[in-house]
Amino acid sequence: MWFLTKVWKSYALLLATSFVCLGHPGMQCLLVLAWILYIALVWNDAHRIGLSFSTVLRLTVMSQLPGIALTILSVYSEIYDTLGAGPNGLMEIWYHPFIPILERVPPRTFGIWSDMYLAVCLVPVVIVLLCGLCFALGRRWRQNARHV
Amino acid sequence: MLRGHLSGWYQGAPLSTNFEIAKPGDVILLHNLDGAYGYWTHTILYIGHGQVVDANNFARGTELNHVDNYRNYAEVMILRANTTQVIRQRAARFAAQAVGTPYDPLGTLADARTAYCSKLIWRSYANAGVKLCAVRDWVLPDDLANSPNLFCVAHWAAVQEKRNG
């Protein structure tokens, strides 16, 4: 539970500070990088206290549930033209710290979908994959260090 | 806003507007009830041949639409820039080239990578050399309505706005 609490609390702080820094994309990018570094430290703690890979991966997926739920609602709302603009708006607010980075994606559309929107939809998936990758790399590095 | 009507909400029959009088570069302001950020809740730029450029959807980004899709509003006003037709067409071309630009209502005027409705129109005219209103971080449809460089060409409003719930 401490893992989820740390991830959610730090993300709430990232959201708040990112809004304070609106209009300063450089600062917003730095905030996102600082958050990613913090999360890496949290994963390191998880490994240090002996949490298994599958547990950390499960917790990471759970930590992304708000974003995943908003993404599903938003895509559903667009496809079936229902629920109004609410899910889109909430999803954009939730992932706004990442927008200064994701807006660098070339401005194109795939079918009806804006590429930045598709990139935002992929953020929770990328975070889970990165989490798993970092945890696995960290574990491999520690094992190698023990053998040396 | 707390009731989820950020962009206002429409009630009633479509307005009997006559968009045929619009010319490329005309700014179309749209109003619905309960908008959270001003009287005018949306704005689009007419680019000719019945087409408008609309930056109002996170999923689809900036897109082309037919102007007839914008009758479901309580009030519609067409504004024309107080400049030459060449400049207006230049602004229309800039907007047309912006189709596909990602939508971000929180992006400031300085951020050229994203757009929202009134920012797209402001940038289109700024690119053509016309400042529709003072430079600040965000521009709202109401700022365009109050622009000294735009004048009203046509104005339609529902006879009576009713409000439910």
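Structure's up top.
A brief report on the enclosed structure follows.

As a further point, take the overall build of chain B. Per the secondary structure count, chain B includes three helices and eight strands. For chain B, the α and β elements follow one another from N to C terminus as β-β-β-β-β-β-β-α-α-α-β. When each of the 165 residues of chain B is scored for burial, the buried share is 46%. By sequence separation, contacts in chain B at least 24 residues apart represent 69% of the contacts at least 6 residues apart.

Residues and elements named next belong to chain B. Among the 11 residues that make up helix H2 (residues 117–127), nine are buried, leaving the element largely enclosed by the rest of the structure. Buried within H2 are the following residues: Cys 117, Ser 118, Lys 119, Leu 120, Ile 121, Trp 122, Arg 123, Ser 124 and Tyr 125. Backbone geometry just after H2 places Gly 129 at a positive phi near 95°.

All names here are of chain B. One open sheet holds the six strands; their spatial order is E6-E5-E4-E2-E7-E8, and the pairing between them is antiparallel. Edge positions in the sheet fall to strand E6 (62–66) and strand E8 (150–157), since each has one partner strand and no second. This sheet shows a mean twist of 30° between the axes of neighbouring strands, independent of strand direction. Pairing geometry for strand E4 (residues 42–48) and strand E5 (residues 51–55), over three bridges, is antiparallel. Paired with Gly 48 across the bridge in E5 is Gln 51. Strand contacts of helix H1 (residues 85–97): E4, E5 and strand E7 (75–81), with the helix running at about 110° to E4, the strand carrying the most contacts. Contacting strand E2 (27–31), E4, E5, E6 and E7, H2 runs over the sheet at an angle of about 45° to E4.

Thresholds, definitions, all that
Residues numbered from 1 in each chain as written. Chains lettered and ligands numbered in written order. Predicted model: local features only at pLDDT ≥ 70, side-chain atom pairs only at ≥ 80, totals over all residues. Helix = DSSP H or I, 4+ residues; strand = E, 2+ residues; numbered from the N terminus. Buried ≥ 20, exposed ≤ 12 C-beta atoms within 10 Å, placed from the backbone. Contact = placed C-beta atoms within 7 Å. Pairing = 2+ DSSP bridges. Axes fitted to C-alpha atoms, helices over the stretch in contact; angles between N-to-C directions.

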